[in-house]
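# Survey of secondary and tertiary structure
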Amino acid sequence: MIELEKLDQGIAVLTLDRPQSANALTLPMVARLRSTIAALNDDSQVRVLVLAARGKAFCAGLDLKEVLMGEDAPQGPIENMDLQERFAGLMSEVAGARFPVVAAINGAAVGAGMGLALAADVRIMGPGAKFLVGAVKVALSAGECGISYHLPRLIGGGRAFEMMLTGRAVDAGEAHAIGLATTLAGEEDLLDAALKVARQIAANSPYAIKHTKQVMHANIDAPGLEAALELENHVQCLALGTEDFREACRAFAEKRVPQFTGR
């Protein structure tokens, strides 16, 4: 149901592999995703993660039939909250990963699948890709799996309200126009496009990659400019003392490509 491949330049590709069910998430899939991301976080060689999916859909969200209508369906508010926290925890781990995450969205990203895509740092969409807030269509709140946090920060409150309250589909063209997708790619070129971005990221120093993501996430919610500047100053001062920065200076002077070592 989940496949992991490690490529050169410290790029890992994590693929949802349940195409017969539109890659809808089951509890074992969520557990496997979370444990895999945790293991990648501990692997210092990994610089970028690409999230991909097999089949015609990126992820149809929670598998309602298996998770909520099966024999092991949660009973009562305590078990319901436990279920919700498992799915929500996956979004936290994607967004909070040490490395940038690039989502290659090849079809519908619905509900928790949309939350997973929004938790990524970069979104590449194929021609048939679309976002749908699924929960509001089944009498649940659209505020789930980080959607109510990430969506307004990406496209603004007004557009986020409209998407979440209607639950309408937002196709790849519209998503690109409003900044929800960074790049549009052909169906056959989607993974290549995501890997191209991943390689551009991975070509930078590990310190720069890690701390650019951390500063961005922290300063989105900074209480003010001064707090944001203070964090930037501390991070930049540490960077000035790294061997990779000295190598970048030498490479600039020698008109060559720098060779970063992560030191």
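Residues numbered from 1 in each chain as written. Predicted model: local features only at pLDDT ≥ 70, side-chain atom pairs only at ≥ 80, totals over all residues. Heavy atoms only, no water.

### Considerations on the pattern of salt bridges
Tallied over the full model, the rule gives 16 salt bridges. Close ionic contact of Arg168 with Glu162 constitutes a salt bridge, the shortest N to O distance being 2.7 Å. Exposure remark for Arg168: the relative accessible area of 29% places this residue in the partly exposed category. Classification of Glu162 as partly exposed rests on a relative accessible area of 32%. Put simply, Glu247 and Arg250 hold a salt bridge, and the shortest N to O gap is 3.4 Å. In this pair, Glu247 and Arg250 are both assigned in helix 11 (residues 243–254), three residues apart and thus about one turn of the helix distant. Through salt bridges with shared partners, a single ionic network connects Glu243, Arg246, Glu247, Arg250, Glu254 and Arg256. (Salt bridge = Lys/Arg side-chain N within 4 Å of Asp/Glu carboxyl O. Buried < 20%, exposed > 50% of the residue type's maximum accessible area, 1.4 Å probe, protein only. Helix = DSSP H or I, 4+ residues; strand = E, 2+ residues; numbered from the N terminus.)

### Observations regarding the pairing of strand 1 (residues 2–6)
Here five bridges tie strand 1 to strand 2 (residues 11–16), and the two strands are oriented antiparallel to one another. Bridge pairing in strand 2 places Glu5 opposite Val13. The loop that links strand 1 with its antiparallel partner strand 2 comprises four residues; one of these, Gln9, has a positive phi angle of about 65°. (Pairing = 2+ DSSP bridges.)

### A short note on the sheet that holds strand 5 (residues 108–110)
Spatially, the three strands line up as an open sheet ordered 5-7-8, and their pairing is mixed. Of all strands in the sheet, those with a lone pairing partner are strand 5 and strand 8 (170–171), marking the two edges. Of the strand pairs in this sheet, strand 7 (residues 130–132) and strand 8 are connected by two bridges, and their pairing is antiparallel. Residue pairing across strands places Phe131 opposite Val170, the latter belonging to strand 8. Here helix 4 (residues 112–119) sits on the sheet and contacts strand 5 and strand 7; the angle it forms with strand 5, its principal contact strand, is near 100°. (Contact = heavy atoms within 4.5 Å. Axes fitted to C-alpha atoms, helices over the stretch in contact; angles between N-to-C directions.)

### Describing the nonpolar core
Ranked by size, the top nonpolar core spans 53 residues in total, and within it Ile105, Phe131, Leu151 and Leu180 carry the most contacts. Ignoring sequence-local partners within four residues, the contact set of Leu151 consists of Met114, Leu118, Gly156, Ala160, Met163, Met164 and Leu180. Membership of the second largest hydrophobic core comes to 19 residues, among which are Val50, Ile124, Ala193 and Ile209. (Core = buried A, V, L, I, M, F, W, Y, C linked by side-chain atoms within 4.5 Å.)

### Side note on helix 5 (residues 147–155)
Among all positions of helix 5, only Ile147, His150, Leu151 and Ile155 are buried. The arc enclosing the buried residues of helix 5, seen along the axis, measures out at 95°, which places them on a common side. The inward-facing, buried residues of helix 5 abut helix 3 (76–95), helix 4 and helix 6 (157–166). With its phi angle positive at about 95°, Gly156 sits one or two positions after the end of helix 5. (Arc of directions from axis to C-beta.)

### Examining the packing of aromatic side chains
The final tally for this structure, using the stated rule, is zero aromatic pairs. For the cation-ring pair, Arg153 lies above Tyr149, with the distance from its terminal atom to the ring centre recorded as 3.7 Å. (Phe/Tyr/Trp six-rings, centres within 6.5 Å; stacked < 30°, edge-to-face > 60°. Lys NZ or Arg CZ within 6 Å of the ring centre and 35° of its normal.)

### Structural notes on the side chain of Asn106
Position of Asn106 relative to the elements: it lies in the loop between strand 4 (101–105) and strand 5. The class of Asn106 is buried, set by a relative accessible area of 18%. Looking at Asn106, its side chain comes within polar contact range of the main-chain oxygen of Ala53, at 3.3 Å. Excluding anything up to four places from it in sequence, Asn106 contacts Ala53, Arg54, Gly55, Lys56, Ala57, Phe58, Gly128, Ala129 and Leu190. (Polar contact = N/O pair within 3.5 Å; in protein donor to acceptor, adjacent residues only side chain to side chain.)

### Details of the pairing of strand 3 (residues 48–53)
The side chains of a regular strand alternate between both faces of the sheet. The element strand 3 is extensively covered by neighbouring structure, given that six of its six residues are classed as buried. Alternating positions in strand 3 separate into two faces, Val48, Val50 and Ala52 on one and Leu49, Leu51 and Ala53 on the other, with burial throughout. As paired elements, strand 2 and strand 3 share six bridges and run parallel to each other. Looking at strand 3, one finds that Ala12 is bridged to Leu49. Regarding the hand of the β-α-β motif, the stretch spanning strand 2, helix 1 (residues 27–41) and strand 3 is right-handed. Sheet topology places strand 3 next to strand 4; three bridges connect them, and they run parallel. Bridge pairing in strand 4 links Leu51 to Ala103. (Right-handed = clockwise from strand over helix to strand, strands pointing away.)

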